[in-house]
Amino acid sequence: MRSGLGDEPAEQGAARRGGNVVRGLSMHMTEWSLQKLLEKQWASTGLILSSERLLLVAREVMTDWGVNDAATRWNLPSVDFLLLDERGHLVALELKLRIRSRRECVLALCQVTHMANRLAETLNGDRLNDAYRRHLTSVGVHSGASLEEAHAAFFGRRSSIAVRADGFRRVVAATHISDRWEDEVAAFTGPDLDTVKARLASAFAVDSRSNRPMRRFRDEVIAPLQVAPRVETLVIGCPTASSSSTRGREFAPTLRYGTLLTRRGLSVGDAATHR
């Protein structure tokens, strides 16, 4: 297998054709072990979001650009994965095992929006490159290349591109997402920020400890937002049949995954985008 810093392993060819198979999933897997499994795969092949390829930059990046690590510190909220697209836009990805209820939909949306906005506000090149170097160390890759150089190699560009602070993208990924998801995304991204916050306050106990992501969103996310207007959705699983529809599709269990993945959306290799 090749290094993953621009060379294309055998698995990547399949990923480009829409497979992006996640091997080794288990019905007993925790969210943390799923993160580690995805990190290993995405570090090698990149993530395929619909037909778009993304470079993995780091995992568990906190709001001060430190890395959430049980051996050092974990005192700030963090985003599960940080990726980079070909145009130089950063992508915040929030991973959940399952999103089953309205509340869990809203929590995921609050988390990914809060993290993307905070990271956009504090982005600088040194912090980003440091997070990338930590990621390389964690996956056992020894390279002196900067993120800009790795980006050029990964996407086959002749020259490097500047990372952009504007238009920070948001992605929520899970093995199962509630049928309420699309409606909740529309209600979260359609109105202005004050309307969204008022809706949260009327529907949930925002100050409850279990709703901490909602409270962070309410208190720390202010207009104008530093994120792209869309939320993109990734469901971990293999479709039983291809279809252009984003509704009514079912997904067979991924290899050794014990539950049926049913979604009004799309699987790894596909993505639904909501405005």
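Within each chain, residues carry numbers counting from 1 in the order of the written sequence. Two thresholds apply to this predicted model, a pLDDT of at least 70 for residue-level local features and 80 or more for giving and counting side-chain atom pairs, whereas whole-chain, interface and lining totals are computed over all residues. Hydrogen atoms and water are omitted, and side-chain values are computed over all heavy atoms in the structure.

Participant: Give me the environment of Ala173: which residues, what numbers.
Facilitator: Only DSSP runs of H or I reaching four residues or more are called helices, and only runs of E reaching two or more are called strands; each is numbered from the N terminus. Counting through the fold element by element, Ala173 comes out in strand 5 (residues 164-177). With 80 residues separating them along the chain, Ala173 and Leu93 place their C-alpha atoms 7.0 Å apart. What makes two residues a contact is simply this: any of their non-hydrogen atoms within 4.5 Å. For Ala173, the contacting residues outside a window of four places in its chain are Leu93, Glu94, Leu95, Lys96 and Leu234.

Participant: Tell me about the side chain of Lys96, residues and numbers included.
Facilitator: Structurally, Lys96 can be placed in strand 4 (residues 89-99). Those residues in contact with Lys96, other than ones at most four positions away along the chain, are Glu31, Ala108, Gln111, Ala173, Ala174 and Thr175.

Participant: I'd like a rundown of the confidence of the model for the protein, residues and numbers included.
Facilitator: Confidence of the predictor at the level of single residues is captured by pLDDT, which takes values from 0 to 100. For the protein, the mean per-residue pLDDT works out to 78, and 74% of the residues sit at or above 70. Mean pLDDT values over the elements of the protein span from 29, in strand 9 (residues 261-263), up to 97, in helix 7 (residues 193-203). Low pLDDT, under 50, characterises residues 1-20; the predicted model gives this stretch 42 contacts beyond four residues in sequence or across chains. Below pLDDT 50 for its whole length, residues 238-273 participates in 104 contacts with residues either more than four positions away or in separate chains.

Participant: Quick one: what's the story with the packing of helix 3 (residues 102-122) against helix 6 (residues 181-189), residue by residue and with numbers?
Facilitator: Packing of helix 3 against helix 6 brings their axes to within 10 Å, and their N-to-C directions diverge by 45°. Taken together, the axes of helix 3 and helix 6 lie oblique to each other. The way helix 3 lies across helix 6 gives a crossing that is right-handed. Packed against helix 3, whose contacting residues are Arg102, Cys105, Val106, Ala108, Leu109, Cys110 and Thr113, the element helix 6 presents Trp181, Glu184, Val185 and Phe188 at the interface. Of the residues in the contact of helix 3 with helix 6, the class split is eight nonpolar, one polar and two charged. For helices, the fitted line uses only the C-alpha atoms of the stretch in contact; every axis is such a line through C-alpha atoms, and the angle between N-to-C directions lies from 0 to 180 degrees. Put simply, angles under 35 degrees are roughly parallel, angles over 145 are roughly antiparallel, angles from 65 to 115 are roughly perpendicular, and the rest are oblique. Each crossing gets its hand from how the near helix is turned against the far one by less than a right angle, where anticlockwise is left-handed and clockwise is right-handed. Only Asp, Glu, Lys and Arg are considered charged in this grouping, and only Ala, Val, Leu, Ile, Met, Phe, Trp, Tyr, Cys and Pro are considered nonpolar; every other residue, Gly among them, is considered polar.

Participant: So what's going on with the packing of aromatic side chains? Which residues, and what values?
Facilitator: By convention here, two paired aromatic rings are described through the distance between centres and the angle between planes. Any two of the Phe, Tyr and Trp rings considered here, Trp counted by its six-membered ring, make a pair once their centres fall within 6.5 Å; the pair's planes then place it as stacked at under 30 degrees, edge-to-face at over 60, or tilted in between. Throughout the structure, instances matching the rule amount to three aromatic pairs. Judged by centre distance (5.0 Å) and plane angle (80°), the rings of Phe154 and Phe155 are edge-to-face. The buried label applies to any residue whose accessible area, calculated with a 1.4 Å probe on protein chains only, is under 20% of its type's maximum; exposed applies above 50%, and partly exposed to all values in between. Phe154 sits in the buried class, given a relative accessible area of 2%. Look at Phe188 and Phe217: their rings are 5.1 Å apart centre to centre, the planes differ by 40°, and that puts the pair in the tilted class. Of the two residues, Phe188 is situated in helix 6 and Phe217 in helix 8 (residues 212-220); the sequence distance between them amounts to 29 residues. Both residues of the pair, Phe188 and Phe217, belong to the buried class. Charge-over-ring contacts are defined here by two conditions on Lys NZ or Arg CZ: a distance within 6 Å of the ring centre and an angle within 35 degrees of the ring normal. Seen from the ring of Phe154, Arg53 lies directly overhead, with NZ or CZ sitting 3.7 Å from the centre. Just above the ring of Phe217 sits the side chain of Lys197; from NZ or CZ to the centre is 6.0 Å.

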